[in-house]
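# Reading the structure
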There are 2 protein chains.
Amino acid sequence: MDSLIEKIRSEGRLLDGSILKVDSFLNHQIDIGFMKEIGAEFYRLYRGCGVNKILTIEASGIGIACITAQFFDCNMVFAKKSKSANLGDDVYTSVAHSYTYNRDNVITVSKRYLSKGDNVLIVDDFLARGAALTALIDIVNLSGASLSGVGIVIEKAFQGGGDMLRRQGVRIESLATIERMNAEEGIVFA
Amino acid sequence: MDSLIEKIRSEGRLLDGSILKVDSFLNHQIDIGFMKEIGAEFYRLYRGCGVNKILTIEASGIGIACITAQFFDCNMVFAKKSKSANLGDDVYTSVAHSYTYNRDNVITVSKRYLSKGDNVLIVDDFLARGAALTALIDIVNLSGASLSGVGIVIEKAFQGGGDMLRRQGVRIESLATIERMNAEEGIVFA
């Protein structure tokens, strides 16, 4: 998606050659006009697949999922990372390691909001090692729902999560794929 | 907002007479069509105030803020609860106690995305004791931005946060106000 690559080039900041900050438009401030372009692109890629539910994980995925769900005219569900006292026991759970915060997150989705009849599109802001995405797919499988595929805004291909999951047969569409990034070359897109 | 009160009556679940669960449409699964009605209502209340930024706090506020920002044709920013290693030091911070999770959250907003020229509408799903909202208002004040007001989906008036903040001169518009709730009477709206 050319406009996304442009946006990353103009607004993204590469810290220490290894951390890409896109918090001006994607995961702290959200550029709503641009997010609509992203939602439209996911819709172009997955229309006709019968998607009736968008699934993501808190917190950065929520905005993307809400805007995308408007295009599919369906509801969205976000997996929770902290086990709230209020969530109840009737949940699907899986475990995902967060490398950003260096901790294991038990992620949960209420059984009320994901079940056999659902056809799910998972969306998220980043795909790196694939820990969060693997846990979300695990939860879709536990629920008996179908998975149409995954929509990722930025894939860091050099971290291998995308390849690992594609080898397992998961359809993953990434709107921008970074082949490598470092202080010398900056961000190199695939 | 009558349709919201209807929605709470039909889908809300009152646990132990004290916990209101509205996770079928507001803060786990999000009913996107209904969320658009909520965004439209906040726009009706605050149009003409010159709002150029919607502010909320992760995670439950993000969806509401994204949909509302579409009506105002502006960007949104969500305050973060965990201090990520990636966020940097150039942040406004405040402290809010979470009664749901029983812990203090240091909440942060990057100085890049909130500043003197901004005119802010804060939105959130619930207003109870007002801890999160007080911290968000604190951050708006630290930034030098103007605050047009606050838009809340459900105010639990009996917990006092709304009255406390209104006495301080903050404009708060709640789309549904619960006067009390208990096992005998159920949910009693104001």
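Conventions we followed
- Residues numbered from 1 in each chain as written.
- Chains lettered and ligands numbered in written order.
- Predicted model: local features only at pLDDT ≥ 70, side-chain atom pairs only at ≥ 80, totals over all residues.
- Heavy atoms only, no water.
- Contact = heavy atoms within 4.5 Å.
- Buried area = accessible area lost by both parts, 1.4 Å probe.
- Salt bridge = Lys/Arg side-chain N within 4 Å of Asp/Glu carboxyl O.
- Polar contact = N/O pair within 3.5 Å; in protein donor to acceptor, adjacent residues only side chain to side chain.
- Helix = DSSP H or I, 4+ residues; strand = E, 2+ residues; numbered from the N terminus.
- Nonpolar A, V, L, I, M, F, W, Y, C, P; charged D, E, K, R; others polar.
- Pairing = 2+ DSSP bridges.
- Least-squares fit on C-alpha atoms with pLDDT ≥ 70 in both.
- Buried < 20%, exposed > 50% of the residue type's maximum accessible area, 1.4 Å probe, protein only.
- Axes fitted to C-alpha atoms, helices over the stretch in contact; angles between N-to-C directions.
- Parallel < 35°, antiparallel > 145°, perpendicular 65-115°, else oblique.
- Left-handed = near helix turned anticlockwise from the far one by under 90°.

## A word on the interface of chain A and chain B
- Of the residues lining the interface, 43 residues belong to chain A; the matching set on chain B comes to 42 residues.
- Between chain A and chain B, roughly 3,600 Å² of surface is buried when both sides are summed, and carbon and sulfur atoms account for 54% of that area.
- The interface formed by chain A and chain B includes zero salt bridges.
- The tally of links from chain A across to chain B stands at 17 residue pairs in polar contact (both at pLDDT 80 or more).
- The set of elements that each furnish at least two residues to the side of chain A that touches chain B consists of β1 (13–15), β2 (19–21), β3 (29–30), α2 (32–46), α3 (61–72), β5 (75–79) and β7 (103–110) of chain A.
- The dominant element in the side of chain A that touches chain B, judged by the number of residues it contributes, is α3(A), at six residues.
- Taken together, the residues of the side of chain A that touches chain B break down into 18 nonpolar, 14 polar and 11 charged.
- Sheet topology note: the β5(A)/strand β3 (residues 29–30) of chain B ladder contains two bridges and is antiparallel. The residue bridging A:Val77 from the neighbouring strand is B:Gln29, located in β3(B).

## Some details on the relation of the copies chain A and chain B
- Once turned by 180 degrees and shifted 0.0 Å along the axis, chain A lies on chain B with an RMSD of 0.0 Å. One copy is carried onto the other by what is essentially a two-fold rotation axis.
- Mapped onto chain B, 98% of the interface residues of chain A again fall at the interface, so both copies present the same surface.

## Section: the pattern of salt bridges
- As enumerated under the stated definition, the model contains 22 salt bridges over all chains in all.
- In this structure, A:Arg13 engages A:Asp23 in a salt bridge whose closest nitrogen and oxygen atoms are separated by 3.2 Å. One end of the pair, A:Arg13, is in strand β1; the other, A:Asp23, is in the loop between β2 and β3, with 10 residues separating them in the sequence.
- On the basis of relative accessibility, which here comes to 4%, the residue A:Asp23 falls in the buried class.
- A salt bridge links B:Glu155 to B:Arg166, with the shortest nitrogen-to-oxygen separation between them at 2.8 Å. Highlighted residues: B:Glu155 in strand β9 (residues 146–156) and B:Arg166 in helix α5 (residues 161–167), separated in sequence by 11 residues.

## A few points about unusual backbone geometry
All names here are of chain A.
- The step from Glu58 to Ala59 runs through a cis peptide bond, and the omega angle for that step is 0 degrees.
- Considering the arrangement of structural elements, one finds Ala59 in the loop between β4 (53–57) and α3.
- With a phi close to 55 degrees, Asp73 is a non-glycine residue in the positive phi region.
- Tracing the backbone through its elements, the reader meets Asp73 in the loop between α3 and β5.
- A relative accessible area of 72% means that Asp73 is categorised as exposed.

## Details of the packing of α3(A) against helix α3 (residues 61–72) of chain B
- At their nearest, the axes of α3(A) and α3(B) sit 8 Å apart, and the two run at 50 degrees to each other. Here α3(B) runs oblique to α3(A), going by the angle between their axes. When you trace α3(A) past α3(B), the crossing you get is right-handed. Between α3(A), through A:Ile62, A:Gly63, A:Cys66, A:Ile67 and A:Gln70, and α3(B), the contact on the second element is made entirely by B:Ile62, B:Gly63, B:Cys66, B:Ile67 and B:Gln70.
- Within the contact of α3(A) with α3(B), the residues separate by chemical class into six nonpolar, four polar and no charged.

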